[in-house]
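Working through the structure, step by step
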Amino acid sequence: MFSYVWPIALAVVSNIFYQICAKSTPEGMDPLASLAVTYTVGAAAAGALYFILNREGNLLREYAHLNWAPFVFGLALVGLEVGFIYAYKAGWPVSTANLVASAFLAVVLIFVGRLLYKEQITPNKLAGIAICMVGLYFINKK
């Protein structure tokens, strides 16, 4: 059970800090300059954790397995982070920006799952889409 729950708990806790940091990016600083620091720290942390968790680790051997995904993932992460930083600069509240983005994301990923991974679209998932859309209506209603 723990191996099933801890990754989601880590993602939730990390996302809390992620949103706080995105909202707290210095007003006068260009978001891309801020992200250059962010990714430098992230690369150092990932490298250190790799060697801590893999005592006999060999990065060159790992890099021999590279495909397109880590490169596109890096671009997607920059887009994600720049999007949130600019959303907060535009006035989105921290209490709703991620919720709105995540609701739209959840709906789109149902179809991505079907198209790319042959996942089933069930009546429960269709009901979930409807609930997300109703929730988005109420969250964004002024």
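Not measured: the values here are computed from a predicted model. (Residues numbered from 1 in each chain as written. Predicted model: local features only at pLDDT ≥ 70, side-chain atom pairs only at ≥ 80, totals over all residues. Heavy atoms only, no water.)

Attention now goes to the packing of helix α5 (residues 97–117) against helix α6 (residues 123–140). Helices that pack against each other are described as a pair by the angle of their axes relative to one another and the distance between those axes. Contact geometry for α5 and α6: axes closest at 10 Å, N-to-C directions at 155°. Viewed along their axes, α5 and α6 adopt a mutual orientation that is roughly antiparallel. Note on packing geometry: the crossing formed by α5 with α6 is left-handed. Taking contact as the criterion, the partners of L99, V100, A103, F104, V107, I110 and F111 in α5 are, on α6, K125, I129, C132, M133, L136, I139 and N140. (Axes fitted to C-alpha atoms, helices over the stretch in contact; angles between N-to-C directions. Helix = DSSP H or I, 4+ residues; strand = E, 2+ residues; numbered from the N terminus. Parallel < 35°, antiparallel > 145°, perpendicular 65-115°, else oblique. Left-handed = near helix turned anticlockwise from the far one by under 90°. Contact = heavy atoms within 4.5 Å.)

Quick look at the packing of aromatic side chains now. Under the counting rule described, the total for this entry stands at four aromatic pairs. Taking 5.0 Å as the distance between ring centres and 80° as the angle between the ring planes, the aromatic pair formed by Y50 and F51 counts as edge-to-face. When its relative accessible area of 14% is taken as the criterion, Y50 is described as buried. Aromatic rings pair up to connect Y18, F84 and Y88 into one cluster. (Phe/Tyr/Trp six-rings, centres within 6.5 Å; stacked < 30°, edge-to-face > 60°. Buried < 20%, exposed > 50% of the residue type's maximum accessible area, 1.4 Å probe, protein only.)

Turning to the packing of helix α1 (residues 2–23) against helix α4 (residues 69–89), a few remarks are in order. α4 packs onto α1 with a crossing angle of 55° between their chain directions and a minimal axis gap of 8 Å. With respect to each other, α1 and α4 are oriented oblique. Where α1 crosses over α4, the two elements pack in a sense that is right-handed. On the side of α1, the interface is formed by Y18, Q19, A22 and K23, while α4 contributes L80, E81, F84, I85 and Y88. Of the residues in the contact of α1 with α4, the class split is six nonpolar, one polar and two charged. (Nonpolar A, V, L, I, M, F, W, Y, C, P; charged D, E, K, R; others polar.)

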